[in-house]
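# Observations on the model geometry
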Amino acid sequence: MAIVSLYQNVRGIPDTLEIGEAVYAGGEGRIFFSKDGLYAVKIYHPNRVGLDKRQFLEMITMLGSSLTQEEAQFLCWPLAMVHSVDRIPQIGCVTRLIPVSYKPLCNFIASPKMARDQFLARRSWSHYLQIARGIARAVAVLHGRGCAHTDLSYFNFLVNPDTTDVVLLDLDGLVVPGFLPAQVKGTMGIIAREIMLGQGRPSELSDRHSLAVQILQTILFRNVFKSLITYDPNDPDRDEEIGWGEELTFSEDPNDRRNRPRLLGVPLFEGGALSYRMLTPTLQRLTERACIEGLNNPTKRPSAREWITTLSYALDELYRCSRCRQHFPYPYWLKPVQRRVCPFCGQRVSGNLPSVLSLYEPRSRGKYIFTQRYLVMGNNWQLFSDILDPQRDPPMSRRKEPSVGHVELDGKNNINRLINDEGITWRVQLKGESIVTAGKGDSIPLKPGSIINFGEGRRLL
């Protein structure tokens, strides 16, 4: 056992920690766990870093001192600096120890087979959608602090597959323009094109490319920029550099089919590749901005907060396949209805179809504007309070969110009905009929053209 003395203790952890043997050794340094099981200690190899590294770490540690508790849960930020180990001066830092229930993101998304293994473990595609939102949330916290990560690879995200919680690692190499320079270039296949070509420096805009790559790989189980062309058969390293750099191309670019998977759009469980066209229209648009428009124009790339909002809204547009039981975005935009199929097993949507409702935001004097947000409401679907609150986006978890209504199938009339479960009376305008009210326990038939007003200051369906 050795005693580690700390300084710049910005989060109030003990000033000394007892550590055991190294649990990991890498190019930069070694990782130790504290005896109490709460912290990880990184000690840098003294012959590979100097005082500039110490100063760099000190600045990063101070940047994290003002994180809120909610923000801190997404990041494994340095909590204190190492002064010495058994009174011998060392350069290092301390972070919280992430529980063993968290695994590297690469364990879940590197291939469709990994995804199928998770599905067999009773996890659903909706889990991956929530993980993608957690990835965006972690990056949004960094970018909100004026920092860029520069290496948003699936090795640096840890995931709890049961809770879908996400933690971002490797924060000892952050970039703050004009303050903290880049320490690393990033991971091949995830780096933005301009960084690969040496035409720019790592920044939030290059992070936005990497973020899009990781989000799309998380929900489509493939790198959407993977090259299928051999550019230099004699030099594999040079071939990779060309494919991920000067010839970088989105696999579903309508004007360039070089990287298009052969079985694109074939159901995943039949050996196919998921297309971004299976995603909600707003996610499709974000993908096009990130991967086509933003490929060579970084300012077009969506921000992390845009991804959070759009991924959150997509959770309310899911439908469960009657055959393989997977959740997927209900393709209400495809007509006729016979075109709507499960992207995992190919089963056609049939039987009792869900109702699709548009969500409107209240403005002054009783006016409402369309939010580009939809709800897919089928039997047993719940209407949560956050959906009606104009001040809120969907929370990271609805486990504690109250339900104000639920949907039941009226089998006799073959129609979905929304039941009022709260004390507030709703006003309902059915198409071609007069306004009616619905108190607690009353139900509303979800007919085309109906308008549901839940009360002043709330959103309208």
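Model, not experiment: these values are computed from the prediction.

Core analysis: the biggest nonpolar cluster contains 80 residues, and L75, W307 and F344 have the highest contact counts within it. In terms of residues, this core owes the most to one element, helix α5 (residues 125–144), which gives 12 residues. The next biggest cluster of nonpolar side chains, apart from the first, holds 21 residues, and it includes F384, V404, W426 and V428.

The next thing to look at is the sheet that holds strand β3 (residues 24–25). The strand order across the open sheet built from 7 strands is β2-β1-β6-β7-β5-β4-β3, with neighbouring strands paired in antiparallel fashion. The open sheet has two edge strands with one neighbour each: β2 (16–19) and β3. Sheet topology note: the strand β5 (residues 39–44)/strand β7 (residues 88–96) ladder contains 5 bridges and is antiparallel. Considered in β7, the bridge of A40 is made with T95.

On to the sheet that holds strand β20 (residues 443–445). Overall, antiparallel pairing links the 4 strands, which are arranged β15-β16-β17-β20 in an open sheet. One side of each edge strand has no neighbouring strand; the edge strands of this open sheet are β15 (382–384) and β20. Going from strand to strand, the sheet's axes swing by 25° on average, the running direction of each strand aside.

Before going further, it helps to spend a moment on the environment of L446. Within the secondary structure layout, L446 lies in the loop between β20 and β21 (451–453). Apart from the residues lying within four places of it in its own chain, the contact partners of L446 are S355, L357, V407, I415, N416, L418 and I452.

Moving on, we come to the environment of N453. One can find N453 in strand β21. N453 sits 260 residues away from R193 along the chain, and the two C-alpha atoms are 48 Å apart. Once residues within four sequence positions are removed from consideration, N453 is found in contact with Y368, W426, R427 and L460. Engagement of the side chain of N453 in a polar contact is seen with the backbone nitrogen of G455, the distance being 2.9 Å.

Turning to helix α7 (residues 204–220), a few remarks are in order. The first and last C-alpha atoms of α7 sit 24 Å apart over 17 residues, in line with the 24 Å expected at 1.5 Å per residue. Across the 17 residues of α7, 15 count as buried, placing the element largely inside the fold. Between the side-chain oxygen at the start of α7 and the backbone nitrogen of L205 there is a gap of 3.3 Å, and the oxygen is on S203. At the exit of α7 stands F221, carrying a positive phi of roughly 65°.

A regular strand places its side chains so that they alternate between the two faces of the sheet. Of the pairings in the sheet, the one linking strand β13 (residues 355–362) to strand β14 (residues 368–377) comprises 8 bridges and is antiparallel in character. What sits directly across from Y360, in β14, is F370. Hairpin remark: β13 followed by β14, antiparallel, with 5 residues in the connecting loop; positive phi at R365, about 55°.

The next point concerns the pattern of salt bridges. In total, this model carries 24 salt bridges according to the counting rule given. Between E204 and R208 there is a salt bridge, with the nearest N and O atoms lying 3.0 Å from each other. Taken together, the residues span about one helical turn, with E204 and R208 both in helix α7 at a distance of 4 residues. R373 is the partner of D316 in a salt bridge, and the nearest nitrogen-oxygen pair spans 3.0 Å. Of this pair, D316 sits in the loop between α10 (304–314) and β11 (318–320) while R373 sits in strand β14, and the two are 57 residues apart along the sequence.

Before going further, it helps to examine the confidence of the model for the protein chain. Considering every residue of the protein chain, the mean pLDDT works out to 93; 98% of them sit at 70 or more. Confidence, expressed as mean pLDDT per element, reaches its minimum in the protein chain at helix α1 (residues 51–63) with 87 and its maximum at helix α9 (residues 281–293) with 98.

Moving on, we come to the packing of α7 against α10. At their nearest, the axes of α7 and α10 sit 10 Å apart, and the two run at 20° to each other. The angle between α7 and α10 places the two elements in the roughly parallel class. Classified by chirality, the crossing of α10 by α7 is right-handed. Every residue of α10 that contacts α7 at L211, A212 and I215 is listed here: A304, W307 and L311. Looking at side-chain class alone, the contact of α7 with α10 contains 6 nonpolar, no polar and no charged residues.

About the thresholds
Residues numbered from 1 in each chain as written. Predicted model: local features only at pLDDT ≥ 70, side-chain atom pairs only at ≥ 80, totals over all residues. Heavy atoms only, no water. Core = buried A, V, L, I, M, F, W, Y, C linked by side-chain atoms within 4.5 Å. Buried < 20%, exposed > 50% of the residue type's maximum accessible area, 1.4 Å probe, protein only. Helix = DSSP H or I, 4+ residues; strand = E, 2+ residues; numbered from the N terminus. Pairing = 2+ DSSP bridges. Axes fitted to C-alpha atoms, helices over the stretch in contact; angles between N-to-C directions. Contact = heavy atoms within 4.5 Å. Polar contact = N/O pair within 3.5 Å; in protein donor to acceptor, adjacent residues only side chain to side chain. Expected span 1.5 Å × (residues − 1). Salt bridge = Lys/Arg side-chain N within 4 Å of Asp/Glu carboxyl O. pLDDT = per-residue confidence, 0-100. Parallel < 35°, antiparallel > 145°, perpendicular 65-115°, else oblique. Left-handed = near helix turned anticlockwise from the far one by under 90°. Nonpolar A, V, L, I, M, F, W, Y, C, P; charged D, E, K, R; others polar.

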